[in-house]
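What the coordinates show
These are the residues of each chain, in order.
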Amino acid sequence: MSKIIEQDKKQYYNQLKCAQRSLDITDWVNYFAQMIFERQFKAIQRMLENGITGFEGGMTAKKYIAITKTSKATATRDLQDLHELGVFEQNGAGRSVRYELVL
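Notes on the structure in this doc start here. Within each chain, residues carry numbers counting from 1 in the order of the written sequence. Residue-level local features of this predicted model are given only where pLDDT is at least 70; pairs of side-chain atoms are given and counted only at 80 or more, and the full residue set underlies all totals for whole chains, interfaces and linings. Side-chain metrics in this entry use all non-hydrogen atoms of the structure; hydrogen atoms and water are not considered.

Observations concerning the overall build of the chain
We count it as follows: Strands here are runs of E lasting at least two residues and helices are runs of H or I lasting at least four, both read from the DSSP assignment and numbered beginning at the N terminus. To sort residues, take the accessible area from a 1.4 Å probe on protein chains only and compare it with the maximum for the residue type: under 20% means buried, over 50% means exposed, and anything in between is partly exposed. Pairs of residues are marked as contacts when any of their non-hydrogen atoms sit within 4.5 Å. To be clear on the numbers: accessible area is Shrake-Rupley with a 1.4 Å probe, and residue cover counts the displayed protein chains and nothing else.
When its secondary structure is counted, the chain shows five helices and two strands. Secondary structure of the chain in N-to-C order comes out as α-α-α-α-α-β-β. Looking at the chain as a whole, 29% of its 103 residues qualify as buried. Looking at the chain alone, contacts between residues at least 24 apart form 42% of all its contacts between residues at least 6 apart. When the accessible surface of the chain is summed, it comes to about 7200 Å², and 54% of that surface belongs to carbon and sulfur atoms.

If you want it as structure tokens, here you go:
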């Protein structure tokens, strides 16, 4: 997330300033939700670029980390979230878990 914030510091500080002044954090929460979605979207887009089959062997936490530059914990949370939303189908378990796009 720090890279995304760095790309547009002005927007980050504007959102922070507005939240501090009004104590209404709705726009602040939306801003961060958009940043998180941006990360997940990047991984999905990379899979779609490879056609219907997506990544060979599916999306793994290791591949997700390489694409999004996140920590392992964040990658695992994001992948599980996408699975719960019905975007990914989970195959395997534990260290061998892989995710395929639901098309």
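Things to note about the side chain of arginine 39
Keep this limit in mind: Pairs of N or O atoms are called polar contacts if they sit within 3.5 Å, as long as, within protein, a hydrogen donor faces a hydrogen acceptor (for residues adjacent in sequence, only side-chain-to-side-chain pairs).
Within the fold, arginine 39 resides in helix 3 (residues 26-49). For arginine 39, a relative accessible area of 10% corresponds to the buried category. Within the structure, arginine 39 has its side chain in polar contact with the side chain of aspartate 78 (distance 2.5 Å).

Observations concerning the pattern of salt bridges
Filter applied, for reference: Here, a salt bridge means any side-chain nitrogen of Lys or Arg that lies within 4 Å of a carboxyl oxygen of Asp or Glu.
Evaluation of the coordinates by the stated rule reveals one salt bridge. Between arginine 39 and aspartate 78 there is a salt bridge; the shortest N-O distance is 2.5 Å. Residue arginine 39 is located in helix 3, and its partner aspartate 78 is located in helix 5 (residues 72-84); the two are separated by 39 residues in the primary sequence.

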